[in-house]
Amino acid sequence: MTDEWQLSPDRNFDPDPTQRSIARDLYSSVKDLPIISPHGHADPRLLADPQAQLGSPAELFIIPDHYVFRMLYSQGHQLEDLGVSPRDATTLETDHRRIWQRFAENFHLFRATPTGQWLRDELIEVFGIQEKLDGESAQRIYDELDAKLRQTSFSPRALFERFNIETLSTTDPATSALEHHQTLQEEGWGQKIRPTFRPDALLSVDNAGWQNSVEQFSNVSGVSIQDYSSLIQALEAHRQFFKRMGATATDHGVFTPHTHRLSDDEANAIFQRALSGKADATDTAEFSAHMLMEMARMSCEDGLVMQIHAGSFRNHNQGLYERFGPDTGSDIPVGVDWTRGMRELLNAYGGDPRFRLIVFTLDESTYGRELAPLAGHYPALLLGAPWWFYDSPNGMRRYLDTVIETAGIYNTAGFNDDTRAFASIPARHDMWRRVTCNWLAGQVATGIIDQEDASEMAADFAYHLAKRAYRLDAETA
Amino acid sequence: MTDEWQLSPDRNFDPDPTQRSIARDLYSSVKDLPIISPHGHADPRLLADPQAQLGSPAELFIIPDHYVFRMLYSQGHQLEDLGVSPRDATTLETDHRRIWQRFAENFHLFRATPTGQWLRDELIEVFGIQEKLDGESAQRIYDELDAKLRQTSFSPRALFERFNIETLSTTDPATSALEHHQTLQEEGWGQKIRPTFRPDALLSVDNAGWQNSVEQFSNVSGVSIQDYSSLIQALEAHRQFFKRMGATATDHGVFTPHTHRLSDDEANAIFQRALSGKADATDTAEFSAHMLMEMARMSCEDGLVMQIHAGSFRNHNQGLYERFGPDTGSDIPVGVDWTRGMRELLNAYGGDPRFRLIVFTLDESTYGRELAPLAGHYPALLLGAPWWFYDSPNGMRRYLDTVIETAGIYNTAGFNDDTRAFASIPARHDMWRRVTCNWLAGQVATGIIDQEDASEMAADFAYHLAKRAYRLDAETA
Amino acid sequence: MTDEWQLSPDRNFDPDPTQRSIARDLYSSVKDLPIISPHGHADPRLLADPQAQLGSPAELFIIPDHYVFRMLYSQGHQLEDLGVSPRDATTLETDHRRIWQRFAENFHLFRATPTGQWLRDELIEVFGIQEKLDGESAQRIYDELDAKLRQTSFSPRALFERFNIETLSTTDPATSALEHHQTLQEEGWGQKIRPTFRPDALLSVDNAGWQNSVEQFSNVSGVSIQDYSSLIQALEAHRQFFKRMGATATDHGVFTPHTHRLSDDEANAIFQRALSGKADATDTAEFSAHMLMEMARMSCEDGLVMQIHAGSFRNHNQGLYERFGPDTGSDIPVGVDWTRGMRELLNAYGGDPRFRLIVFTLDESTYGRELAPLAGHYPALLLGAPWWFYDSPNGMRRYLDTVIETAGIYNTAGFNDDTRAFASIPARHDMWRRVTCNWLAGQVATGIIDQEDASEMAADFAYHLAKRAYRLDAETA
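A few points on the structure. Computed from a prediction, not measured in an experiment: that's the story for all the values here. (Residues numbered from 1 in each chain as written. Chains lettered and ligands numbered in written order. Predicted model: local features only at pLDDT ≥ 70, side-chain atom pairs only at ≥ 80, totals over all residues. Heavy atoms only, no water.)

Before going further, it helps to examine the overall build of chain A. Per the secondary structure count, chain A includes 22 helices and 11 strands. For chain A, the C-alpha radius of gyration of 23 Å lies close to 23 Å, the compact-globule estimate for 477 residues. A principal-axis box enclosing the C-alpha atoms of chain A has dimensions of 70 × 60 × 45 Å. Burial status across chain A gives 66% buried among its 477 residues. (Helix = DSSP H or I, 4+ residues; strand = E, 2+ residues; numbered from the N terminus. Rg over C-alpha atoms; globule rule 2.2 N^0.38 Å. Buried < 20%, exposed > 50% of the residue type's maximum accessible area, 1.4 Å probe, protein only.)

It is worth spelling out the sheet that holds strand S2 (residues 165-169) of chain A at this point. All names here are of chain A. A sheet is described by the order of its strands in space; here 3 strands give the open sequence S1-S2-S4, paired in parallel fashion. With one partner strand each, in any of the chains shown, strand S1 (35-37) and strand S4 (193-194) form the two edges of the open sheet. Where S1 lies against S2, 3 bridges are found, and the strand directions are parallel. Its bridge partner lying in S2, Ile 35 is registered against Ile 165. (Pairing = 2+ DSSP bridges.)

Let's shift gears to the pattern of salt bridges. Residues and elements named next belong to chain A. This model, assessed by the stated rule, comprises 124 salt bridges over all chains. Here Asp 251 ties to Arg 198 by a salt bridge, and the two come within 2.7 Å at their closest N and O atoms. A residue pair is termed long-range when its members are at least 10 positions apart, and Asp 251 in strand S6 (residues 249-254) and Arg 198 in strand S5 (residues 197-198) qualify at 53 residues. For Asp 251, a relative accessible area of 0% translates into the label buried. Glu 294 is paired through a salt bridge with Arg 261; the nearest N and O atoms lie 3.0 Å apart. (Salt bridge = Lys/Arg side-chain N within 4 Å of Asp/Glu carboxyl O.)

A word on helix H18 (residues 365-375) of chain B. Among the 11 residues in H18 of chain B, 11 count as buried, and that is most of the element. Listed as buried for H18 of chain B are Ser 365, Thr 366, Tyr 367, Gly 368, Arg 369, Glu 370, Leu 371, Ala 372, Pro 373, Leu 374 and Ala 375 of chain B.

Moving on to the pairing of strand S10 (residues 357-361) of chain C. All names here are of chain C. S10 sits mainly inside the fold: 5 of its 5 residues count as buried. Along S10, one buried face is formed by Leu 357, Val 359 and Thr 361 and the opposite face, lined by Ile 358 and Phe 360, is buried too. Alignment of S10 against strand S11 (residues 381-383), held across 3 bridges, turns out to be parallel. For Val 359, the partnering residue across the bridge sits in S11 and is Leu 383. Handedness of the β-α-β unit built from S10, helix H18 (residues 365-375) and S11 comes out right-handed. (Right-handed = clockwise from strand over helix to strand, strands pointing away.)

Time to look at the interface of chain B and chain C. Taken together, the contacts link 42 residues of chain B with 53 residues of chain C. Roughly 3700 Å² is buried in total at the junction of chain B and chain C, and carbon and sulfur atoms are behind 49% of that figure. In terms of surface lost to chain C, no three residues of chain B exceed Arg 369, His 377 and Glu 405 of chain B, which account for 21% of the buried area on that side. We note a salt bridge from Glu 456 of chain B to Arg 111 of chain C, for which the minimum N-O separation is 3.2 Å. Connecting chain B to chain C are 36 residue pairs in polar contact (both at pLDDT 80 or more). Only helix H1 (17-30), helix H16 (338-341), helix H17 (343-349), H18, helix H19 (393-407), helix H20 (425-445) and helix H21 (451-469) of chain B provide two or more residues apiece to the side of chain B that touches chain C. A per-element tally of the side of chain B that touches chain C places H18 of chain B first, with 7 residues. Its residues placed into classes, the side of chain B that touches chain C shows 14 nonpolar, 15 polar and 13 charged. (Contact = heavy atoms within 4.5 Å. Buried area = accessible area lost by both parts, 1.4 Å probe. Polar contact = N/O pair within 3.5 Å; in protein donor to acceptor, adjacent residues only side chain to side chain. Nonpolar A, V, L, I, M, F, W, Y, C, P; charged D, E, K, R; others polar.)

The following block contains the structure:
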């Protein structure tokens with residue numbers, strides 16, 4: 001049994017009294033600003049249905065969150081035992097109390113990790129848990145969580161309001177008809193919850209499911225896709241539909257950020273090979289490089305902000321992928337060459353005042369070497385928040401220390417939480433606000449900026465940069 | 001309207017009172033040491049002419065400084081509107097007050113950047129400005145600067161003396177006849193202001209202007225260059241001329257630091273292809289790799305210190321380059337392989353006691369991985385100061401934290417300012433002195449070094465390392 | 001003459017009083033834990049012979065330690081003058097007092113380096129030296145050291161006990177008959193001093209000495225090696241012998257961590273080419289990639305923990321290598337691609353509960369980008385301690401800051417000293433304990449972990465992680 005579980009009001013602030021005092025002041029001026037969540041993976045269904053509930057503690061905290069279950073997997077636990085369904089479904093732990101118990105007994109694995117911080121913050125701040133989670137306290141805490149999760153005050157919509165979220169964007173396959181967003185728009189929640197257009201599945205021409213995706217996209221876009229030019233037509237049309245449903249952005253997950261325009265004939269030749277199931281890895285790479293050019297062109301024309309997330313080797317563990325599908329914690333970053341890769345796109349569109357591009361990297365060695373210099377030059381380019389493994393106190397600190405001196409803060413896109421764990425949204429934004437305020441306090445304490453500038457910058461980091469980057473200011477004005 | 005603009009006497013010092021107090025003591029012991037500026041881009045014409053003036057505030061702070069105008073460009077301002085002349089010269093803002101106003105209104109873009117710190121330091125320390133620069137104060141500050149810049153006490157020579165510069169090296173094309181340095185030498189300023197031999201234009205055989213450069217070099221060196229062997233002869237001769245004009249070093253800007261000796265016949269074959277305008281990218285790469293070997297050989301023989309600056313993708317923005325030429329803020333770093341690239345050169349010359357090589361990188365991931373181990377082994381090799389984007393408080397801190405544990409401080413080359421902004425020279429050296437003293441204070445406070453060692457090291461960082469690295473001790477002795 | 005030479009009791013602790021106070025408490029709880037030294041290069045002969053002595057001060061501190069003599073070499077001193085024997089042996093300083101004098105006069109080169117810290121710690125803590133080492137004090141200190149080194153209380157075995165080493169693993173060529181370990185086992189020291197199976201020389205098929213190694217290995221393993229399959233048989237058999245002699249691990253030094261299984265026929269074809277002296281660099285690379293797969297397979301079967309040290313360009317200075325052989329300070333790291341390189345091995349064996357793999361990198365850019373995500377996923381994989389140039393206060397700090405947020409501490413392998421400098425073992429472990437306690441204190445002071453967790457983690461870092469990683473808990477239980 002341990003003492004009462006508590007959050008330090010000064011967490012993530014430097015211990016030096018001078019810096020800490022400045023950090024506190026800055027933080028107190030931004031902590032209650034509304035949350036702008038312009039990129040993430042919340043499930044729009046949960047928000048479209050006023051009766052929806054978040055499920056059991058295991059369903060909320062463990063089963064859908066690869067940030068969590070990968071850590072237990074790394075120590076020898078089987079995913080089935082954590083409630084993650086294999087495709088063959090031969091074995092699966094269905095007792096959510098036992099899943100929770102396993103998780104609680106291994107909670108020490110998350111010591112000094114951001115996931116550990118978020119989980120603790122959620123349990124204490126969102127759910128009012130007062131004893132430290134471990135194997136001994138596990139079932140008592142389960143009881144308390146389970147009871148609360150059944151209350152309407154813990155429904156997704158109630159939490160959305162309580163979290164003070166001004167606007168949240170989901171990430172939606174290009175093939176989506178956006179039923180839930182239509183419902184939300186009809187109910188007047190359209191400015192609060194917006195879709196994002198993500199056409200990855202359509203653009204990876206050697207994917208097993210690619211032909212299905214094209215067929216689906218024909219149906220949903222109303223354009224019969226027979227060739228490359230009708231694909232382009234369908235993309236343009238369905239982007240417009242997303243825009244009408246509130247989208248301000250697109251998102252592109254690519255292995256490398258290589259960009260290169262093909263002729264329409266070359267692009268169509270690849271498309272035809274793909275239709276007949278003959279596209280290979282080279283086709284995929286070339287089509288991806290070309291379609292990034294096309295997506296940038298469309299963004300110039302329709303004003304949707306373009307996001308690129310590059311450099312993840314998806315499904316590194318082939319056996320696990322075959323049994324459990326994607327997003328099981330085995331996506332591993334690789335080194336990336338942004339300077340050469342993005343040159344053609346930036347030369348073509350990087351100076352276009354209609355264009356905005358936000359890029360995200362998992363290769364921190366490119367922060368200072370490539371991305372900050374690029375963002376500090378090309379008008380269209382902003383650098384996205386520290387992504388994934390770097391959405392953490394040290395990740396943020398390295399980002400700030402490495403990027404800002406070259407790019408300044410006004411060539412960055414503020415923060416996004418990128419999470420599928422809905423209840424962790426406030427904890428994640430709070431960590432960013434604390435870390436940026438502490439970093440600014442360090443700048444003040446070392447005489448680099450003055451208090452006046454620091455106050456404005458704190459609010460910019462917490463709120464304005466993201467709103468401006470994703471053109472949510474224009475939209476909500 | 002804001003309070004009086006001030007510089008904290010403790011800027012760049014850690015807020016911890018123990019560390020800060022040690023940092024103050026160390027800094028006070030080195031802050032008045034003369035400035036050694038062994039590599040930079042000051043204009044020798046300004047110093048050769050006792051009547052020269054620095055021009056308008058826009059001419060001093062904005063128009064020639066790509067560190068400054070790139071940041072405004074990145075936020076959508078046109079270079080023409082900042083006074084930067086396009087080649088076609090169709091539009092150009094010629095009202096320097098309006099250029100200054102635009103700059104002042106956007107001064108917040110430089111918050112937390114080293115450029116912002118240098119500008120503030122210059123305005124306050126060199127020009128005595130007392131109110132914070134912004135759109136409201138812009139014209140009053142312009143008036144004050146403009147008046148001072150017309151005074152003889154603000155002439156380049158007067159500032160040179162006031163800045164307490166012991167010696168400053170300019171960077172000069174190999175094709176230069178060094179008229180200004182001749183004037184300076186005649187007036188007895190030859191030990192104060194020295195040229196540096198930079199043959200890049202001659203050695204990039206697929207450059208548009210290459211044939212012109214060769215012709216010019218024939219004229220200036222007095223050697224008629226018809227083939228590879230006469231090129232070598234001309235290089236050897238003109239290096240001697242630079243040496244007589246006070247040069248102690250050469251400088252080589254290359255895309256990659258790959259080194260490889262060709263046979264003379266192979267080198268001549270490339271040279272002949274270049275003469276007939278048929279050299280391609282492979283020729284350029286091979287000739288560059290070979291000429292680095294030759295330049296090292298010549299350095300062994302004539303004692304000029306060799307500098308290599310590698311890893312910048314020059315003129316990444318092709319359209320801007322075509323309109324405005326080079327040095328417009330679109331040079332973007334790439335990853336570099338020093339270990340394999342420099343092996344042939346270091347195997348051939350790295351142990352030669354006559355040879356000294358100083359290398360500079362924009363790929364910080366090579367500090368600890370490649371450059372510190374190389375400098376900590378090869379006798380000829382020193383690691384140059386943090387370069388360009390890393391000439392900043394955090395850039396310096398990362399350099400010190402990553403390099404020194406492996407290479408020690410005595411395998412580094414101290415500081416150089418590398419600037420074309422003459423009035424920023426003291427601010428840049430001051431930042432280096434502050435950051436190194438603060439870093440040493442941290443070492444003392446954590447028991448790694450003692451006070452006695454720290455005092456010597458502070459003076460080494462501030463003054464002696466650079467003087468020794470560039471063989472200015474021998475020269476001025 | 002300087003003041004008394006002292007070690008700060010708070011060395012490596014942050015100067016902030018709050019953090020320092022927590023660090024002190026944590027450190028005091030772990031500083032007296034026994035030393036687990038599971039990977040290093042101590043000479044088993046010294047420990048097998050109760051009469052052995054460590055030799056002269058030059059033999060102990062300088063001649064065998066490339067960490068030390070490389071630094072003097074980098075400043076122009078010749079290895080011969082430091083007592084390092086060239087193969088031709090034309091010149092060699094044999095006066096150990098003069099070697100010591102040269103070293104002492106250049107002791108300032110080690111300021112702010114970990115080697116400098118270890119040396120100071122050893123001289124003060126192990127040998128009771130009380131005045132600072134420099135050219136003036138050199139001979140007095142030599143006298144004192146020399147006298148002590150002749151005492152039995154400074155014999156290797158006496159120091160082993162005094163250092164409170166619980167278990168130490170040496171690194172032994174696969175071709176070794178482990179005579180010294182046999183002696184140790186017979187005397188009951190078998191659990192204290194263990195061998196490690198390192199087959200690098202056997203697996204580099206284009207090495208000059210490869211055929212000799214194979215012949216030696218035939219003799220020592222008792223398996224006549226004629227082809228690939230008998231090589232495998234011999235490896236399996238001799239691993240068993242190492243295991244009986246106390247080994248719990250193997251070690252593999254490779255240029256790249258590329259892994260790829262060949263067919264047995266392909267492997268045998270390379271083996272046969274090698275036997276006839278016709279193997280080339282491609283053969284070597286492919287054989288290495290294949291043998292890593294085989295070594296992992298064997299580890300699954302016999303339970304020996306597999307270590308991979310990758311990314312060092314050995315003997316970069318060819319001329320020095322030819323004169324002095326390997327390990328003369330010219331091994332230089334290169335960038336490494338772990339994500340693609342290790343995929344085949346991790347897909348095949350990374351989920352096998354019998355398998356444990358510990359990897360070490362010299363490319364710090366892979367800590368956060370590749371290794372922490374891999375270790376935070378694959379059950380078999382642990383990340384080894386900061387290696388070689390990064391076995392230093394800042395190297396450890398960067399490791400902790402970059403790795404732990406993603407991998408947690410329980411996917412790391414604790415510390416190992418990797419040293420051939422026997423007397424430096426306590427200083428190295430002490431540095432790790434200080435730096436980890438200080439890092440944990442920072443986590444407590446910023447509210448990320450609580451005191452209870454920090455205490456457990458401090459002991460894990462200092463002792464338990466290494467013991468568990470190398471399966472020394474099972475062995476000594």
